[in-house]
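Descriptive structure summary
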Amino acid sequence: MTKTLEIDIRSAEGLKINRRLIKKKKTFAVVKIGEKSRSSDLDDSGGSNPTWNFKSEMPMKGSVQFISIEVFYRTRCGRDKKIGEARIPATDFMGRYSHEGHLNFLSYRLRDEYGDKCGIVNVSIVVKPHSTETTTMFMASSSSSSSETPSIDGYRGRIVTGLPVWRVTT
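The name given to the protein in an unreviewed UniProt entry is C2 domain-containing protein, with Brassica napus as the source organism.

1. Describing a positive patch on the surface
Taken together, the side chains of K24, K25, R76, R79 and K81 present a region of like positive charge at the surface. Looking at where R79 falls in the secondary structure, it is placed in the loop between β7 (66-74) and β8 (80-89). Judged by its relative accessible area of 55%, R79 is exposed.

2. Topic: the nonpolar core
One finds L5, I7, I9, I67, F93 and I125 to be the most contacted residues of the largest nonpolar core, which totals 31 residues. Listed by contribution, the elements that provide at least two residues to this core are β1 (2-13), β4 (26-33), β6 (51-61), β7, β8, β9 (103-111) and β10 (117-128). Ranked by the residues each element gives to this core, the list is headed by β10, at five residues. Not counting chain neighbours up to four residues away, the residues in contact with F93 comprise L5, M60, I67, I88, S98, N104, I125 and V127.

3. Comments concerning the pairing of β7
The side chains of a regular strand alternate, residue by residue, between the two faces of the sheet. When you tally the buried positions in β7, you get seven out of nine residues, the bulk of the element. Sheet topology places β4 next to β7; seven bridges connect them, and they run antiparallel. Each bridged residue has a counterpart across the sheet, and for K32 the counterpart in β7 is S68. In terms of strand pairing, β7 meets β8 through nine bridges, oriented antiparallel. Within the sheet, the bridge partner assigned to I69 lies in β8 and is A86. Where β7 folds back onto β8 in an antiparallel hairpin, the turn is made up of five residues, including G78, whose phi is positive at roughly 95°.

4. Description of the pattern of salt bridges
Summed over the entire model, instances satisfying the criterion amount to nine salt bridges. Close ionic contact of K128 with E6 constitutes a salt bridge, the shortest N to O distance being 3.2 Å. With K128 in strand β10 and E6 in strand β1, this pair connects stretches of sequence that are 122 residues apart. One salt bridge in this structure joins R74 and D80, with 2.7 Å as the shortest N-O distance. Using a relative accessible area of 40% as the deciding quantity, one classes D80 as partly exposed. Residues participating in the shared-partner salt-bridge network are K32, E70, K82 and E85.

5. Considering unusual backbone geometry
With a phi angle near 55°, N18 is a residue other than glycine that sits in the positive phi range. Note that N18 resides in the loop between β2 (16-17) and β3 (20-21). For N18, a relative accessible area of 69% corresponds to the exposed category.

6. Section: the confidence of the model for the protein
Interpreting fine coordinate detail is not advised for predicted regions of low pLDDT. Across the protein, the average pLDDT comes to 80, with 75% of residues at 70 or higher. Least confident of the elements in the protein is helix α2 (residues 132-143), whose mean pLDDT is 43; most confident is β4, at 95. Long-range and interchain partners of residues 131-156, a stretch whose pLDDT sits below 50, account for 13 contacts in this model, where long-range means more than four residues apart.

Thresholds, definitions, all that
- Each chain carries its own residue numbering, running from 1 in the written order of its sequence.
- In keeping with the predicted nature of the model, local features appear solely for residues at pLDDT of at least 70, side-chain atom pairs appear and are counted solely at 80 or more, and the whole-chain, interface and lining totals rest on all residues.
- Side-chain numbers here rest on the full set of heavy atoms in the structure, without hydrogens or water.
- To count toward a patch, a residue needs a relative accessible area over 30% and no salt bridge; like charges are then connected within 9 Å, while nonpolar side chains (Val, Leu, Ile, Met, Phe, Trp, Tyr) are connected within 5 Å.
- Here, Shrake-Rupley sampling with a 1.4 Å probe gives the accessible areas, and only protein chains in the shown set may cover a residue.
- We define a salt bridge as a contact between a side-chain nitrogen of Lys or Arg and a carboxyl oxygen of Asp or Glu at a distance within 4 Å.
- Here Asp and Glu are counted as negative and Lys and Arg as positive; His is not counted, and neither are the chain ends.
- Charged groups are reduced to one reference atom each: NZ for lysine, CZ for arginine, CG for aspartic acid, CD for glutamic acid.
- Only DSSP runs of H or I reaching four residues or more are called helices, and only runs of E reaching two or more are called strands; each is numbered from the N terminus.
- Burial classes follow relative accessibility: with a 1.4 Å probe on protein chains only, a residue under 20% of its type's maximum area counts as buried, one over 50% as exposed, and anything between as partly exposed.
- By nonpolar core we mean a set of buried residues, namely Ala, Val, Leu, Ile, Met, Phe, Trp, Tyr and Cys, connected to one another through side-chain atoms within 4.5 Å.
- Contacts between residues were defined by any pair of non-hydrogen atoms, one from each residue, lying within 4.5 Å.
- Two strands qualify as a pair provided DSSP detects at least 2 bridges between them.
- Every residue carries a pLDDT, the predictor's confidence in it, which falls somewhere between 0 and 100.

Below, the structure is given as structure tokens:
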């Protein structure tokens, strides 16, 4: 079964190359689901904390277990070099606790090719409902309860989830 995902690669924090914070690099992110990939625009001024706010809708087959988000920087010669990658398990946004239409704010640790930490990437993911029947059933079940879910401005009444990321400095 194929689902449609609305993915927003929002930003990254603390990007490092060889354990040093990036200063004046142009960065971009690539999201990969199976064989398909989409790339954000370059962030020219973010340095180690770029902001992309790149939104894309992508199909995802039921057999896919991970989404990959890779962060790159562009050299002065125009070559793209990989900073790091985060692999997001599909169960984090399609599991039994996350319904279709549920807005998930997620933060994941980026790892370089040696497995070292090289930053954090912030994304939001929504699994688009395929039919109005699913949405109607969800709305009917939530309205039959004694307390209504409060509407959150800017999120069209959808439930929002976030995962905290702690930084440990030594």
